[in-house]
Amino acid sequence: MIYFYNTLTKKEEEFKPINNDEVGIYTCGPTVYWFAHVGNLRTYIFEDILKRVLMLNGYKVKHVMNITDVGHLTSDSDSGEDKLEKGARAEKKTVWEVAQFYTNRFLKDIKMLNIGDPTILVKATDTIKEQIDLIKILEEKGYTYIISDGVYFDTSKLEKYGRLWGDKEKTELRGRIEEVKEKKHPTDFALWKFSPKDEKRQMEWESPWGIGFPGWHTECVVMSLENLGIPFDIHCGGIDHVSIHHTNEIAQAEAAYGKMMSNYWMHGEFLNVKEGKMSKSLGNIITVSNLLEKGISPLAYRYLCLNTHYRQKLTFSDESLSFAQTTLEKLYEKASELAKETEMPISEKAKDYENRFLSIISNDLDVPVALAMMWDMLKDKNISGYEKYYLLVQFDKVFGLKIKEAVFDKDEFASDRIIIQKITEEGLIAWSRDMNDVPAGIIDMVEKRNLSRENKDWQESDNIRNVISEQGWIIEDRNEQVLLKKKVQI
Ligand code: AMP
Ligand code: ZN
C-alpha cells in the first residue's frame, strides 16, 4: 500500500489510482527565462522520486510536464512583466530563442541529476488555441469579466474557491489585489491579458477579446486535462503553488467541467539559503553550472536532497553540499568493494530489507528513513557482501544515485599520489590516473604544493591552490593522496 500526504484533504491518504495499470501525473514545469536553480531542481527531484516509488510498486507512470514559455508574470498578482519578454530584452534575443535555450539547459540539468524525462513535455505556446477554448467555456458559463488589461476569472462565482489553500477567507487574507485595481475581488485572476497598447510584444495572439496572451494558470489546466483526462491521479509542484497557481487551476477546471481536476495534490517544500529565499532577484541562486564549477557532482546535490523529507524545508549551504559529495563518494567506494563479491542466492534476511524499504518509501516518500536504513544495512553482519550490493542496486531504483554505474576499482588507484576526478555529462563521478588529461603546468604546481605542505608552509600551499583554481582545477587532500578535479563548464 502507498500513502501520500494530500494537500487537498490535508491528511495522509492511501493512494488509489483511477486506473490500476497506469498512474497519471502532472507536474508544473520550468519557466524558461533563466537557468533553473537548485531550489527549482529540488522540486523536480521530489517528483522524480514520486515516479520511481510508483514504478517500484509496479505502476506504469504517464507523466506530463509543461514548459512555461509565455504568461508567467514577474508578480503573482497579475501585474508586472512577462518573465520571458523581460528576459529576451535583457539578453537581446528573441523570446523564442530564450525559451529554446533555457528549455535545452533545463533538459541537460535534469539529465545530470538523473531525473527521468516526462512522458509528454508540452510548451504553453503550443496550446494557445486550447487555452482560448477553455476561456470561452468559462465565459459562456458566466465566470469571466473584462477590465482594461484583460479577461479575469470571477472567483466569487465559485462556491468552493480556495479550498486547496484553506478557504476563501484565508486566501483573501493574503491580499493580492493592490496591483490590479480594477479587479472585482482580491482573488480574481487573469485568464487572458491584453498586449500593452504602447508596446509590441514578441509573443501575442488574436483572441475573441483582443490581441494578447494567456494567463499562467490556464496553461496547466489545458495541458494536464488534454493529456490525462479529468480527473487524473496526482498533480505536483512546489509549495508556493498552493495558494495561487494551483488554487486557480482548480477553479478553472471546476467552473468549466464541474470536477476536481486531480485526486491527489502533492507539494514539495522549499529549498532556502541561510538568509532566506533563493531567488534570481536576490542574486543568490545556485545552478547546476555553479555546482560543476565547485567540482560538485549534481548527483551529490541529489543525495543532499534525499536526506530531507520533501515536506520539510531544506537549508542549502556549501558545507552540506561538500559533505554530501564526500558521503556519496564513500557510498560509491563501498558499492565498488561489494560489487566484487560472488553472486549467491538472496536470503530471507535480505528480502526482509527489500520489503522494509518498499514500505518505508511508500509511506509518503520517506526517503531520509530509507537512506538511514541503507547505511544500517551496510553494517549488518548477518547478510553477505553480495546481498548488500544487490540491495544497494534495488534501493537505487528509487534513490537514483547511479550506484551501479559509479562502481570503480579503487585498488587501481592505491599507489597514486594524484588522482583525477571528473564529472561526466551524465553527472557521474569518474576517476582517472591518466595524467595526459592534466596540463603539465598544473601537475608541476601540485608537486610544488605537496612540497610546501611537507614543509608545513600552509600560506604557500594555499597560494598555489588559488593559482590552480584560477586555471580551472580544484585540488583536495585525501589522506596521502591528492584529488584533482577539473571545473566543468556547461
Ligand atoms: P518556476 O520555474 O518558477 O515556474 O518554478 C519551477 C518549480 O520550482 C515550481 O514547482 C516551483 O514551485 C518550484 N520552486 C521555486 N522555487 C523553489 C525553491 N526555492 N525550492 C523548491 N522549489 C522551488
Ligand atoms: Zn502549473
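Residues numbered from 1 in each chain as written. Chains lettered and ligands numbered in written order. Predicted model: local features only at pLDDT ≥ 70, side-chain atom pairs only at ≥ 80, totals over all residues. Heavy atoms only, no water.

Undergrad: Quick question: what am I supposed to make of the packing of aromatic side chains here?
TA: We describe a pair of aromatic rings using the distance from one ring centre to the other and the angle between the two ring planes. This structure, assessed with the given rule, holds 20 aromatic pairs. Site record: aromatic cluster; members linked through ring pairs are Phe4, Phe15, Tyr59 and Tyr264. The side chain of arginine 311 reaches across the aromatic face of tyrosine 5, ending 4.1 Å from its centre. (Phe/Tyr/Trp six-rings, centres within 6.5 Å; stacked < 30°, edge-to-face > 60°. Lys NZ or Arg CZ within 6 Å of the ring centre and 35° of its normal.)

Undergrad: What is the right way to look at the pattern of salt bridges in this model?
TA: Close approach of charged atoms allows side chains with opposite charge to pair. This model, assessed by the stated rule, comprises 25 salt bridges. For arginine 356, the salt bridge identified is with aspartate 352, shortest N-O distance 3.9 Å. Of this pair, arginine 356 and aspartate 352 both sit in helix 11 (residues 348-361), separated by four residues, roughly a single helical turn. (Salt bridge = Lys/Arg side-chain N within 4 Å of Asp/Glu carboxyl O. Helix = DSSP H or I, 4+ residues; strand = E, 2+ residues; numbered from the N terminus.)

Undergrad: Please clarify how the sheet that holds strand 16 (residues 429-432) should be interpreted in this entry.
TA: In space, the four strands of this open sheet follow the order 16-15-18-17, with mixed pairing throughout. Here the strands that pair on one side only, and so sit at the sheet edges, are strand 16 and strand 17 (473-478). The mean angle between the axes of side-by-side strands here comes to 30°, regardless of whether they run parallel or antiparallel. In terms of strand pairing, strand 17 meets strand 18 (residues 481-486) through six bridges, oriented antiparallel. Bridge pairing in strand 18 places aspartate 477 opposite valine 482. Relative to strand 16, helix 10 (residues 318-338) is tilted by about 70°, and along the sheet it contacts strand 15 (418-423), strand 16, strand 17 and strand 18. (Pairing = 2+ DSSP bridges. Axes fitted to C-alpha atoms, helices over the stretch in contact; angles between N-to-C directions. Contact = heavy atoms within 4.5 Å.)

Undergrad: Teacher, can you tell me more about the coordination of the zinc ion (ligand 2) here?
TA: Think of it this way: four donors in a tetrahedron around the metal ideally sit 109.5 degrees apart, and six in an octahedron ideally sit 90 or 180 degrees apart. Around the zinc ion (ligand 2), the protein contributes the donor atoms Cys28 (SG), Cys220 (SG) and His245 (NE2), at 2.0 to 2.2 Å from the metal centre. In the primary sequence, the donor residues of the zinc ion (ligand 2) line up as C-x191-C-x24-H. Here the residue cysteine 28 occupies a position in the loop between strand 3 (22-27) and helix 1 (38-56), and histidine 245 occupies one in helix 7 (residues 242-257), the gap between them amounting to 217 residues. Side by side, cysteine 28 and histidine 245 carry an identical accessibility label, which is buried. (Donors = N, O, S within 2.8 Å, 3.2 Å for Na, K, Ca; no water. Buried < 20%, exposed > 50% of the residue type's maximum accessible area, 1.4 Å probe, protein only.)

Undergrad: Would you take a moment to explain the packing of helix 1 against helix 9 (residues 298-306) for this structure?
TA: A packed helix pair is summarised by two numbers, namely the angle formed by the two axes and the spacing between the axes. Running from N to C, helix 1 and helix 9 cross one another at 75°; their axes reach a closest spacing of 10 Å. Taken together, the axis directions place helix 1 and helix 9 in an arrangement best described as roughly perpendicular. Seen from helix 1, the contacting residues are Val38, Gly39, Leu41, Arg42, Ile45, Asp48, Ile49 and Arg52; seen from helix 9, they are Tyr301, Arg302, Cys305 and Leu306. Here the residues of the contact of helix 1 with helix 9 are counted per class, giving seven nonpolar, one polar and four charged. (Parallel < 35°, antiparallel > 145°, perpendicular 65-115°, else oblique. Nonpolar A, V, L, I, M, F, W, Y, C, P; charged D, E, K, R; others polar.)

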